[in-house]
Amino acid sequence: MGVAELAAGALGRVSSSPLLAVGAGFIDLTPVWLKDFAIRRFGSDDKTVLLIGLGAGIVVAALGIGVLGRRRLAWGLIGLAVFGTVGVVAALTRPVAEPVDAVPSTVGALAGMAALTLLTPGARLFPKPTPESRDAAPATATPAGGNATEAEVRGWTDGPGRRPDTTGPEPATAPEPAMEPEQDSEAERVPTPGVEMGRRRVLLTGAGVLGVAVVSGVSGRVLLRRGDVSSVRADVRLPRPADPAPAVPAGAQVRVPGMTPFRTSNADFYRVDTALVLPQVDPRDWTLRIHGMLAHPVELTFDDLLRQPLIERDITLSCVSNQVGGVLAGNARWLGVPLAPLLRRAGVRPGADQILSRSSDGMTLSTPLESVLDGRDALLAVGMNGEPLPVAHGFPARMVVPGLYGYVSATKWVVDLKVTRFAADQAYWTRRGYAERAPVKTFSRIDVPKPFARLTAGPITVAGTAWAQHRGIDAVEWQVDDGPWRPARLAPVPGIDTWRQWVAEWDALPGSHTLRVRATDKTGTTQPEHRSPPVPDGATGWHSVVVTVT
Ligand SMILES: Nc1nc2c(c(=O)[nH]1)N[C@H]1C(S)=C(S)[C@@H](COP(=O)(O)O)O[C@H]1N2
Ligand SMILES: [Mo]
C-alpha cells in the first residue's frame, strides 16, 4: 500500500491511489439506504468513517494473505494479485481515469509479492510432495521458475542435517532447530518456515518491509499534497459585486441563547459530497466549458468569469438527505455570476430542458433548465461569506440555485455545463433513484430548547428555523403535546431565498412535554405530518422535541 501511494504521488494523480480509488468506488456502489444511514449517523464525518472501515478491511485482507502465504506461497501471491486487481479496477473505473492509473496498484501488488516472498523464504511456490509422491515424482519438488533454489528444496526435504542457510548468522540465536535428522519422523521434518528462518532475521526483514512501507507511503502522501491549492486560494482577490446583496433586516437573528445563527460561517457550513479527498482545482488552470444544445458554445477562464458583473445574494442551501430536524442546511452570502444571461448569450436551442453539470472529479448533477432561466438568482458562485469559496465548498467555482436541493443544483468544483435533455442524459443521483426535479420541501425545526432539555416551569422561549427557499415562509405554528396550534412570531428576512427564524413564548407547566412545529410556505401549503424518507425527493414530517419541565 505504501509503495502504491508513492507511485500515485509520483504520478501526481490522487485518483490512482488504490486506497482512495477503492474508497471512491465504494462510495459510488453504496446503496442509497446505506448512504442515508451514513449521513444521518456520521454527517460530514462519513468519509473518515469510510477510511477507518477501509483500513480495517485492508488489515483483514493482509492477515488473510499472510496466512495463505505461509501455507503456500503461491496462494499468498495469488491473494496479492487479487488485492492489486481490486485497486486497478477501482482506479480505472473512476470517471476521471486514465490508463496510467493502473500503475500504482500494479506496482504496489508487486511490492507486496516481493515482501511476502522475503518474509516466507521457507514457503513453497508449489505444494510439497507427500512422502509417497516424492519418490514417484521427484520433479514436482523442484519449483520451475520459483523462488526456492534446488538446494533449499533438498535442504528441507531430503538433506539430513543440511539446513538451508537462512537461520541467521549466529546459530546461538536461532530457535529450536526443527529438524534433528535421523530420529525425526517424516511428519516432524515438515519445516515451520518462520521458525526455520530465524527469529532475528524475520524481525529484521519485517522491520525493513515496514520501513519501506511507511517511508514510501508518507512520501507518496507528501507528493500528492503538491496539488494543494490553499495558498493559491489565499491569493485570490475577488471583485466587488456590481449588485450587492439586499440588506439583512435587523431582527433576522432572533436573540435567544443557543439559537442557530442566521448566517452560517464557512467553518460551520455543512458539507455533503462524494469526494473522498477534496478536489484541488487551481483557478489558473480552471476553465468552464458551456456546451451542448447551444448556438455558441463557450469556454471561460476564471478571469473571464471575474470580468462579468457579479451579484451577491443571501441564499440558503439544503441537502435532500436532511432528515426532519436535521442540520444539513446552511445560509451564506454568495458572490457570483448570474447563470441565466451566460446561457442566453450562448443561445439555448429549443427542446433543451436540463443542465448537466460536471465537477473536476467527474461528479455529475442535473438541473432543470427552467429553474435556472425563470428569473431566480441562479449563480456560478466564486465567493462565500466574503471569501473565495473554501476548497470544501467548491473552489474556485460552484453552482447555487435558490429553491433546489443541492444534489440537483449546487455543483462544486464545476468545470463543465452541458445543455441537454433529461431524456438524453442522467446525473449521478438521478441514476440512483433520486428525483430529477427536486424543489426543496418546506422545513421547520425547533432549535431551542434542545431535545430532552430539563427546564424550569414558567416562561420559556421556543425558537427555531424554517425554510422553503424561493417560495418563502409565510407562517410557522407550534404546538405543546396535543394542544392547539399557535402561531409563532416570524423574524424578518432579506428575501424568499433564505431561511427564516421564528420564536414563541411558552408558559411551561411541570411534566414531560412534546413540542411540535410546522410551517406554511407563501404558496399556502403547510408541511404534511406524514413522515417520508429523503429518497427520492426529500423528507417530510413535523419536527418534535421532548422536554422535561420541573
Ligand atoms: N462536485 C460535487 N458537487 C456537489 C456534490 C458532490 O457530491 N460533488 N454534492 C451536492 C450535494 S448533495 C449538496 S447537498 C451540496 C452541498 O454543498 P456544501 O457541501 O457546500 O454544503 O453540494 C452539491 N454539490
Ligand atoms: Mo445533498
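Our structure's up above, just so we're on the same page.
This text gives an overview of the structure that appears in the document. (Residues numbered from 1 in each chain as written. Chains lettered and ligands numbered in written order. Predicted model: local features only at pLDDT ≥ 70, side-chain atom pairs only at ≥ 80, totals over all residues. Heavy atoms only, no water.)

### A look at the site of ligand 1
- Every one of the 19 residues lining ligand 1 counts as a neighbour, but Tyr270, Thr274, His393, Arg398 and Lys412 are closest to it.
- Separating a nitrogen atom of ligand 1 from a side-chain N or O atom of Ser359 is a distance of 3.3 Å.
- Here Lys412 contributes a side-chain N or O atom positioned 2.5 Å from an oxygen atom of ligand 1.
- Bound to the protein, ligand 1 loses 98% of the 540 Å² it would expose on its own. (Near = heavy atom within 4 Å. Polar contact = N/O pair within 3.5 Å; in protein donor to acceptor, adjacent residues only side chain to side chain. Areas by Shrake-Rupley, 256 points an atom, 1.4 Å probe, with all protein chains shown as cover.)

### Quick notes on the pairing of strand β6 (residues 364-368)
- Burial within β6 is extensive, with five of its five residues counted as buried.
- Burial of β6 is two-sided: the residues Thr364, Ser366 and Pro368 facing one way and the residues Leu365 and Thr367 facing the other way are all buried.
- Bridging between strand β5 (residues 354-359) and β6 involves five bridges; their strand directions are antiparallel. Residue pairing for β6: Arg358 is matched across the bridge by Thr364.
- The loop that links β5 with its antiparallel partner β6 comprises four residues; one of these, Gly362, has a positive phi angle of about 90°. (Buried < 20%, exposed > 50% of the residue type's maximum accessible area, 1.4 Å probe, protein only. Helix = DSSP H or I, 4+ residues; strand = E, 2+ residues; numbered from the N terminus. Pairing = 2+ DSSP bridges.)

### What about the packing of helix α1 (residues 2-11) against helix α10 (residues 199-224)?
- Where α1 contacts α10, the axes come no closer than 7 Å and their chain directions differ by 25°. Accordingly, the angle class assigned to the pair α1 and α10 is roughly parallel. When the axes of α1 and α10 are compared, the crossing they make is left-handed. Judged by residue contacts, Gly2, Val3, Glu5, Leu6, Ala8, Gly9 and Ala10 of α1 engage Val212, Ala213, Ser216, Gly217, Ser219, Gly220, Arg221, Leu223 and Leu224 from α10. (Axes fitted to C-alpha atoms, helices over the stretch in contact; angles between N-to-C directions. Parallel < 35°, antiparallel > 145°, perpendicular 65-115°, else oblique. Left-handed = near helix turned anticlockwise from the far one by under 90°. Contact = heavy atoms within 4.5 Å.)

### Quick look at the layout of surface pockets
- The calculated volume of the largest pocket comes to roughly 1,400 Å³.
- The wall of the largest pocket is formed by 47 residues, among which Met1, Ala62, Leu80, Phe83 and Gly112 lie closest to the centre.
- Ranked by residue count, the leading element in the lining of the largest pocket is helix α4 (residues 46-71), at 11 residues.
- Considering only residue class, the lining of the largest pocket consists of 31 nonpolar, 13 polar and three charged.
- Considered as a void within the structure, the second largest pocket measures approximately 1,000 Å³ in volume.
- Every residue lining the second largest pocket is counted, 34 residues in all, and those nearest its centre are Val14, Ser15, Val277, Leu278 and Pro279.
- Sorting the residues of the lining of the second largest pocket by element identifies α2 (18-29), α10 and α15 (428-431) as the ones contributing at least two each.
- With four residues, the single largest contributor to the lining of the second largest pocket is α2.
- A domain-level breakdown of the lining of the second largest pocket finds at least three residues from each of domain 1 (2-124 + 197-227) and domain 3 (287-432). (1 Å grid on protein atoms, 1.4 Å probe; cavity = no way out; pocket = protein on both sides within 12 Å on 5 of 7 lines; lining within 4 Å. Points joined across faces, edges and corners; volume = space filled by probe spheres on them. Nonpolar A, V, L, I, M, F, W, Y, C, P; charged D, E, K, R; others polar. Domains from an automatic or database assignment.)

### Considering the nonpolar core
- Residues Trp334, Leu339, Leu380 and Tyr407 are the most contacted members of the largest nonpolar core, which totals 77 residues.
- Within the second largest apolar cluster, 22 residues are counted, among which are Ile460, Ala504, Ala508 and Val517. (Core = buried A, V, L, I, M, F, W, Y, C linked by side-chain atoms within 4.5 Å.)

### Here's the deal with a nonpolar patch on the surface
- Judged by side-chain polarity, Leu68, Trp75, Ile78, Val82 and Val86 come together as a nonpolar surface patch covering roughly 440 Å² of accessible area.
- The element that contributes the greatest number of residues to the nonpolar patch is helix α5 (residues 73-92), accounting for four residues.
- Structurally, Leu68 is set in helix α4. (Patch = residues over 30% accessible without salt bridge, like charges linked within 9 Å, V, L, I, M, F, W, Y side chains within 5 Å. Salt bridge = Lys/Arg side-chain N within 4 Å of Asp/Glu carboxyl O.)

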